[in-house]
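A look at the structure
Next come the chains, spelled out residue by residue.
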Amino acid sequence: MASAMILAAGLGTRLRPLTDEMPKPLLWLGDRPLIAHIAERLAAGSVVRVAVNKSHLAERFSRDLLAAFPVPVEVLHEPEPLGTAGGVANAAGALGEGDVVIWNGDVLIDLDVAALSAAHAARGAGATLAVAPRPAGEGTVGVGARGEVVRLRGERFGEEIAGGDFVCVHVIGEALRRRLPPRGCMVGDVYLPWLREGRSLATFAAPAVWHDIGAPAAYLAANARWLSQRGQRSYVGPGAFVAEGVDVAGSVVGAGARVEGAGALRGCVVWPGALARAPLERAVVTTKGTVARAAA
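Note that this is a predicted model, so its numbers are computed, not measured.

Rules used throughout
- Residues numbered from 1 in each chain as written.
- Predicted model: local features only at pLDDT ≥ 70, side-chain atom pairs only at ≥ 80, totals over all residues.
- Heavy atoms only, no water.
- Helix = DSSP H or I, 4+ residues; strand = E, 2+ residues; numbered from the N terminus.
- Buried < 20%, exposed > 50% of the residue type's maximum accessible area, 1.4 Å probe, protein only.
- Contact = heavy atoms within 4.5 Å.
- Areas by Shrake-Rupley, 256 points an atom, 1.4 Å probe, with all protein chains shown as cover.
- Lys, Arg positive; Asp, Glu negative; His and termini not counted.
- Charge placed at Lys NZ, Arg CZ, Asp CG, Glu CD.
- Phe/Tyr/Trp six-rings, centres within 6.5 Å; stacked < 30°, edge-to-face > 60°.
- Lys NZ or Arg CZ within 6 Å of the ring centre and 35° of its normal.
- Pairing = 2+ DSSP bridges.
- Core = buried A, V, L, I, M, F, W, Y, C linked by side-chain atoms within 4.5 Å.
- Salt bridge = Lys/Arg side-chain N within 4 Å of Asp/Glu carboxyl O.
- Polar contact = N/O pair within 3.5 Å; in protein donor to acceptor, adjacent residues only side chain to side chain.

1. As for the overall build of the chain
When you go through the chain residue by residue, the secondary structure sums to 8 helices and 23 strands. Overall size of the chain, expressed as C-alpha extent along the three principal axes, is 65 × 40 × 30 Å. For the chain, with 296 residues in total, the buried portion stands at 53%. Expressed as a percentage of contacts within the chain between residues at least 6 apart in sequence, the contacts between residues at least 24 apart total 59%. Summed over all atoms, the accessible surface of the chain reaches about 12500 Å², with 51% contributed by carbon and sulfur. On the chain, the mean spot of the 30 positive side-chain charges and the mean spot of the 28 negative ones are 2 Å from each other.

In structure tokens, the structure reads:
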């Protein structure tokens, strides 16, 4: 697999007020932006070039940010979002021919991209969707006996033996790429019509744990998992200051940030350069001083 696209043009309305300052894919996760974690996983899966679409707060996708990625990136600006299908269609020149890995820019999952690509090549389906397994009848996707998609958005196309959640990482083949509309949704405007014609979409078993970072609580959970995977109680970035009376627990403090006050900073994310005051629990503190608390 040579090419991939990270979809990064969404407005992120469910994550406001965080996305009033930063596009979702650039939200700080652990020691770097979310999109950098995605780029690392793509590079590990032998992807050699990546296209990224941008729209909301497009100026935040700086050259310095993209230069730090482990794979060359071409950014395409959409004055108005074209949708998931339209965004990929618009990036055809940057992506070249053949199969393309598509990864939503607000999703974090430890997925084997090379194995996903190999599975797609072996099956010969129009596209292959990474699906986190669930019991039959549950989740957003139904899976048939041959691993094919038999339920999508409530429509049924065959007998279901297992369910699952589409994790918004998939591979689309050349035949389906030729059908992409200039504006529209990949599932509603491409995948469902394909299935209605009796054609096949394949599935690939994805890890059961993944993060759709669509709300502050999910964003905090993704950071907590990042800490857990590294066996760290907390993370304090380079140049950050934490007052002597503050206990940083289960929290991420970005580079150059300051944590003042006294008491616990528990389950929080403090963006680089931000100022936070303890005590504080289950909250995100932005560079501009916004404090967004996760719903209980």
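Having put the structure on the table, let's press on.
2. Concerning the packing of aromatic side chains
All told, the structure shown has 1 aromatic pair when counted by the stated rule. Both rings, one in W226 and one in Y235, keep their centres 5.4 Å apart while their planes meet at 85°; by these two values the pair is edge-to-face. No difference in accessibility class separates W226 from Y235, as the two residues are buried. Sitting above the plane of the W194 ring, R199 keeps its charged end 4.8 Å from the centroid.

3. With respect to the sheet that holds strand 23 (residues 291-293)
Taken in spatial order, the 5 strands line up as 15-18-20-22-23 in an open sheet, and their pairing is mixed. The open sheet has two free edges, formed respectively by strand 15 (235-236) and strand 23, since each of these has just one partner strand. Where strand 15 and strand 18 (residues 252-253) come together, 2 bridges link them in parallel fashion. Opposite V236, over in strand 18, you have V253 as the bridge partner.

4. A short note on the environment of G263
Here G263 shows up in strand 19 (residues 258-266). Judged by relative accessible area, which is 31%, G263 ranks as partly exposed. In this structure, G263 is in contact with G245, V246, D247 and A278, ignoring residues within four places of it in sequence.

5. Concerning the nonpolar core
Grouped burial of nonpolar side chains is what soluble globular proteins tend to show. With 66 residues, the main nonpolar core has L42, W103, L111, V169, L265 and W271 as its most contacted residues. By residue number, the principal contributor to this core is helix 1 (residues 34-44), which donates 6 residues. Each residue touching W271, except ones within four places of it in the same chain, is listed here: L18, E21, M22, L27, W28, Y219, G254, A257, V284, V285, T286 and T287.

6. What about unusual backbone geometry?
Peptide bonds are mostly trans, and most non-glycine residues show a negative phi. The amide bond that connects A278 to the next residue, P279, takes the cis arrangement and shows omega of 5°. The residue P279 is located in strand 21 (residues 275-281) in this model. We note that S46 has phi near 70°; this positive angle belongs to a residue other than glycine. Assessed through its relative accessible area of 48%, S46 is described here as partly exposed. In this model, R153 sits at a positive phi of 50°, which is unusual for a non-glycine residue. Locating R153 in the fold gives a position in the loop between strand 10 (149-152) and strand 11 (155-156).

7. Topic: the pattern of salt bridges
Overall, the coordinates contain 16 salt bridges when judged by the stated rule. Ionic pairing is found between E138 and R134, a salt bridge with its closest N-O pair at 3.4 Å. Overall, R134 belongs to the partly exposed group, its relative accessible area being 35%. In this structure, the salt-bridge partner of R134 is D165, at a minimum N-O distance of 3.2 Å.

8. A closer look at the pairing of strand 19
Direction of pairing for strand 16 (residues 241-242) relative to strand 19: parallel, over a ladder of 2 bridges. Bridge assignment links F241 to a residue of strand 19, and that residue is R258. Note: strand 17 (residues 246-249) against strand 19, 4 bridges, orientation parallel. Across the sheet, A249 pairs through a bridge with R266, a residue of strand 19. Across 6 bridges, strand 19 lies against strand 21 in parallel orientation. Its bridge partner lying in strand 21, E260 is registered against R277.

9. Some points on the side chain of R32
The residue R32 is located in strand 3 (residues 32-33) in this model. Of the residues examined, R32 reaches a relative accessible area of 18% and is grouped as buried. Only 2.7 Å separates the side chain of R32 from the side chain of D31, close enough to count as a polar contact.

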